[in-house]
Amino acid sequence: LIGLDDVKNEVNSLVNFVNFQKEREKHGLKQNDISYHCVFTGAPGTGKTTVARILATIFRSLEVIDKGHLIETDRTGMIAEYVGQTAVKVDKLVNDALGGVLFIDEAYSLSTGSSEDFGKEAIAALLKRMEDNRDNLIVIVAGYTDKMKDFIDMNPGLKSRFNRYIQFDDYSPSEL
């Protein structure tokens with residue numbers, strides 16, 4: 001990939017961390033409770049989806065997840081039209097993503113809308129499944145930097161599960 005130097009450094013750091021944890025495990029040392037869930041921030045067209053696909057393959061090769069596939073979705077893929085159907089939609093998405101990565105583009109849109117909006121139901125269902133399947137599911141949420149910060153800050157459950165942030169800067173004219 002052209003550019004994305006900071007992103008590449010973050011991914012290399014993540015790979016080194018995974019390898020370090022595997023070495024600790026091999027030598028019988030105490031393991032930390034690790035979350036590989038990520039927040040990708042930046043403008044559209046900066047490579048977030050592409051890097052998520054690559055990261056799914058990397059996580060598979062490091063044996064962090066079983067399959068290494070990527071399921072892409074956004075608000076429309078998670079929110080249903082009627083009460084009680086949103087959690088079912090989220091469960092299906094997570095079931096499809098097990099063993100891989102669930103990539104939620106423009107995730108901040110789940111927290112917008114009226115009090116009768118089903119976004120909060122989707123977030124609650126997602127958080128439960130993230131906890132229940134933390135050994136074989138990675139969730140990557142993506143969107144504009146400021147909106148994603150507000151999204152993560154709106155719910156303590158989100159804040160505690162997403163601790164790796166990767167900023168995708170705009171491409172320079174020479175990189176374009």
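Here the structure is shown first, and the text comes after it.
Conventions and cut-offs
Residues numbered from 1 in each chain as written. Predicted model: local features only at pLDDT ≥ 70, side-chain atom pairs only at ≥ 80, totals over all residues. Heavy atoms only, no water. Helix = DSSP H or I, 4+ residues; strand = E, 2+ residues; numbered from the N terminus. Contact = heavy atoms within 4.5 Å. Pairing = 2+ DSSP bridges. Axes fitted to C-alpha atoms, helices over the stretch in contact; angles between N-to-C directions. Buried < 20%, exposed > 50% of the residue type's maximum accessible area, 1.4 Å probe, protein only. Phe/Tyr/Trp six-rings, centres within 6.5 Å; stacked < 30°, edge-to-face > 60°. Core = buried A, V, L, I, M, F, W, Y, C linked by side-chain atoms within 4.5 Å. Left-handed = near helix turned anticlockwise from the far one by under 90°. Nonpolar A, V, L, I, M, F, W, Y, C, P; charged D, E, K, R; others polar.

Asker: Explain the side chain of arginine 129 to me, please; I cannot follow it from the model alone.
Answerer: For arginine 129, the location among the structural elements is in helix 5 (residues 119-132). For arginine 129, the contacting residues outside a window of four places in its chain are Asp91, Val94, Asn95, Leu98 and Leu137.

Asker: What is the right way to look at the sheet that holds strand 2 (residues 70-73) in this model?
Answerer: Consider a sheet: its strands pair through backbone hydrogen bonds, and that pairing is either parallel or antiparallel. Spatially, the five strands line up as an open sheet ordered 2-3-4-1-5, and their pairing is parallel. Where the open sheet ends on each side, the last strands, each with one partner, are strand 2 and strand 5 (164-168). Each neighbouring strand pair of the sheet contributes to a mean axis angle of 20 degrees, computed without reference to strand direction. Bridge count between strand 2 and strand 3 (residues 101-105): four bridges; the pairing is parallel. What sits directly across from glutamate 72, in strand 3, is phenylalanine 103.

Asker: Would you explain the pairing of strand 1 (residues 38-42) in this entry?
Answerer: A regular strand places its side chains on the two faces of the sheet in alternate fashion. Most of strand 1 sits out of view: five of its five residues are buried. On strand 1, burial covers both faces: Cys38, Phe40 and Gly42 on one face and Val39 and Thr41 on the other are all buried. Of the pairings in the sheet, the one linking strand 1 to strand 4 (residues 138-143) comprises four bridges and is parallel in character. Following the sheet pairing, valine 39 is matched in strand 4 by valine 141. Sheet topology note: the strand 1/strand 5 ladder contains five bridges and is parallel. Across the sheet, the residue bridging to glycine 42 is phenylalanine 168, located in strand 5.

Asker: It is not clear to me how the packing of aromatic side chains should be interpreted in this structure. Could you clarify?
Answerer: A ring pair, where both rings are aromatic, is described by two values, the distance of the centres and the angle of the planes. The full count for this structure, using the stated rule, is three aromatic pairs. Note on tyrosine 36 and phenylalanine 59: the rings are 5.6 Å apart at their centroids and 50 degrees apart in plane angle, and the pair reads as tilted. Residue tyrosine 36 is located in the loop between helix 1 (5-26) and strand 1, and its partner phenylalanine 59 is located in helix 2 (residues 48-61); the two are separated by 23 residues in the primary sequence. A relative accessible area of 14% means that tyrosine 36 is categorised as buried. Ring geometry for phenylalanine 40 against phenylalanine 168: centres 5.0 Å apart, planes inclined by 45 degrees, an arrangement best described as tilted. Pair noted here: phenylalanine 40 is in strand 1 and phenylalanine 168 is in strand 5, with a separation of 128 residues, a long-range link.

Asker: Mind showing me how you'd approach the nonpolar core here?
Answerer: Burial of nonpolar side chains together is a common tendency in soluble globular proteins. The biggest cluster of nonpolar side chains holds 27 residues, and the ones touching the most others in it are Leu102, Leu126, Val139, Val141 and Phe151. Among the elements of the structure, helix 4 (86-97), strand 3, helix 5, strand 4 and helix 6 (145-153) are those that each provide at least two residues to this core. Sorting elements by how many residues they give to this core places helix 5 first, with six residues.

Asker: Before we go on, may I ask you to explain the environment of threonine 49 in this structure?
Answerer: Residue position: threonine 49 is located in helix 2. In this structure the C-alpha to C-alpha distance between threonine 49 and phenylalanine 103, which are 54 residues apart in sequence, comes to 7.8 Å. When residues no more than four places from it in sequence are discounted, the contact partners of threonine 49 are Glu72 and Phe103.

Asker: Help me understand the packing of helix 4 against helix 5, please; the structure alone is not making it clear to me.
Answerer: How two helices sit against one another is set out by the angle between their axes and by the gap between those axes. One can describe the packing of helix 4 onto helix 5 by two numbers: an axis separation of 9 Å at closest approach and a directional angle of 35 degrees. Note on packing geometry: the crossing formed by helix 4 with helix 5 is right-handed. In this structure, helix 4 contributes Thr86, Ala87, Val90, Asp91, Val94 and Asn95 to the contact, and helix 5 contributes Glu121, Ala122, Ala125, Leu126 and Arg129. Residue composition of the contact of helix 4 with helix 5, by class: six nonpolar, two polar and three charged.

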